[in-house]
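Structure assessment
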Amino acid sequence: MASPALLMRVVASAYSVAERAATIVRNVMSTGDLGIVEKAGPNDLQTKADRLVQMSICASLARKFPKVTIIGEEDLPTDDVTEELIEDGHCEEILQKPCPAQYTGIKEEELVIWVDPLDGTKEYTEGLLDHVTVLIGIAYGGKAIAGVINQPYYNYEAGAGAVLGRTIWGVLGIGAFGFQLTEAPAGKHIIVTTRSHSSTLVNECISALNPDTVIRVGGAGNKVIQLIEGKASAYVFASPGCKKWDTCAPEAILHAVGGKITDIRGNSFQYNKDVKHMNSAGVLATLRNYDYYASRIPNTVKESLVP
């Protein structure tokens, strides 16, 4: 049998790397010392977990795939990574799946990996642990084509003895795995949006959609999980602030199951290595009925957000 295609090897490694990352996230929390640093302000935090996880993910993937471009959220030195942060394993189940034909010839230097070591840092520091995800998104030709989302604290409210954490992964043309795909209740408009970055514009946009319910949670990864598990019908964020490493992995998983994500104006996101990091025109995502929500975004909101 031929060896697995590069894309499947990268995804299989990213899966194991994300599981190692989750262990680091839990270990840092259990020491009780989060090592919090303010970056741009009180809503833009970095913890010891953000730093260690990013070093672990980037160094582990760079060692195996040296020509891949890896872009992480945190600005960190790359040379002082200790061996215990390196994850060398891979998920065998992913390697067994055939690579979609359009991706079989990809070369390392054509891939860009976008890493958010800890999405939902503010929530992590506040103990809202189910909001936290580790995101590894894989892009080719400027498009998100594969992604891994780990929830280190999935199941944490199930009590002592519960198995903590899960890893969701997806590849365009194969599908997405590690969760139960569920559609939101028909005829209900449940909007998931930001918890800590609200604004007049964000709220104006949401009220224009006339929602039955609004869920305010942290983390882009977490919000897309709400869509694919049927807890929300649309993820709406009419504000700059979200970055490419927040959306790349969730986008790949959402697209792999037939959903759609764009900015508020309906433009798709580009993920080539030279693109600007900020998604300055916000986010609109759904598993189904994208057009319904897109058509109801007020023009005043669209005009306020410049891509």
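Below or above, wherever it landed, is the structure these notes cover. Predicted, not measured: the structure shown is a model, and the values here were computed from it.

Okay, the layout of surface pockets next. Space inside the largest pocket adds up to approximately 510 Å³. Counting only elements with at least two residues in the lining of the largest pocket, the list comes to β2 (44–46), β4 (111–119), α4 (121–125), α6 (220–228), β11 (234–237) and α7 (244–256). Counted by class, the lining of the largest pocket contains nine nonpolar, nine polar and twelve charged residues. Residue assignment places the lining of the largest pocket across two domains, with domain 1 (6–177) and domain 2 (190–304) each supplying three or more.

We now examine the environment of T167. In this fold, T167 is placed in strand β7 (residues 166–171). The spatial distance from the C-alpha of T167 to the C-alpha of V283 is 23 Å, given a sequence separation of 116 residues. Excluding residues that lie within four positions of it along the chain, T167 makes contacts with Y15, E19, V148, I149, N150, F177 and G178. Polar contacts involving the side chain of T167 include one to the side chain of E19, which spans 2.8 Å. In this structure the side chain of T167 is engaged in a polar contact, spanning 2.8 Å, whose partner is the side chain of N150.

Analysis parameters
- Residues numbered from 1 in each chain as written.
- Predicted model: local features only at pLDDT ≥ 70, side-chain atom pairs only at ≥ 80, totals over all residues.
- Heavy atoms only, no water.
- 1 Å grid on protein atoms, 1.4 Å probe; cavity = no way out; pocket = protein on both sides within 12 Å on 5 of 7 lines; lining within 4 Å.
- Points joined across faces, edges and corners; volume = space filled by probe spheres on them.
- Helix = DSSP H or I, 4+ residues; strand = E, 2+ residues; numbered from the N terminus.
- Nonpolar A, V, L, I, M, F, W, Y, C, P; charged D, E, K, R; others polar.
- Domains from an automatic or database assignment.
- Contact = heavy atoms within 4.5 Å.
- Polar contact = N/O pair within 3.5 Å; in protein donor to acceptor, adjacent residues only side chain to side chain.

Any functional reading would require information beyond the geometric quantities listed.
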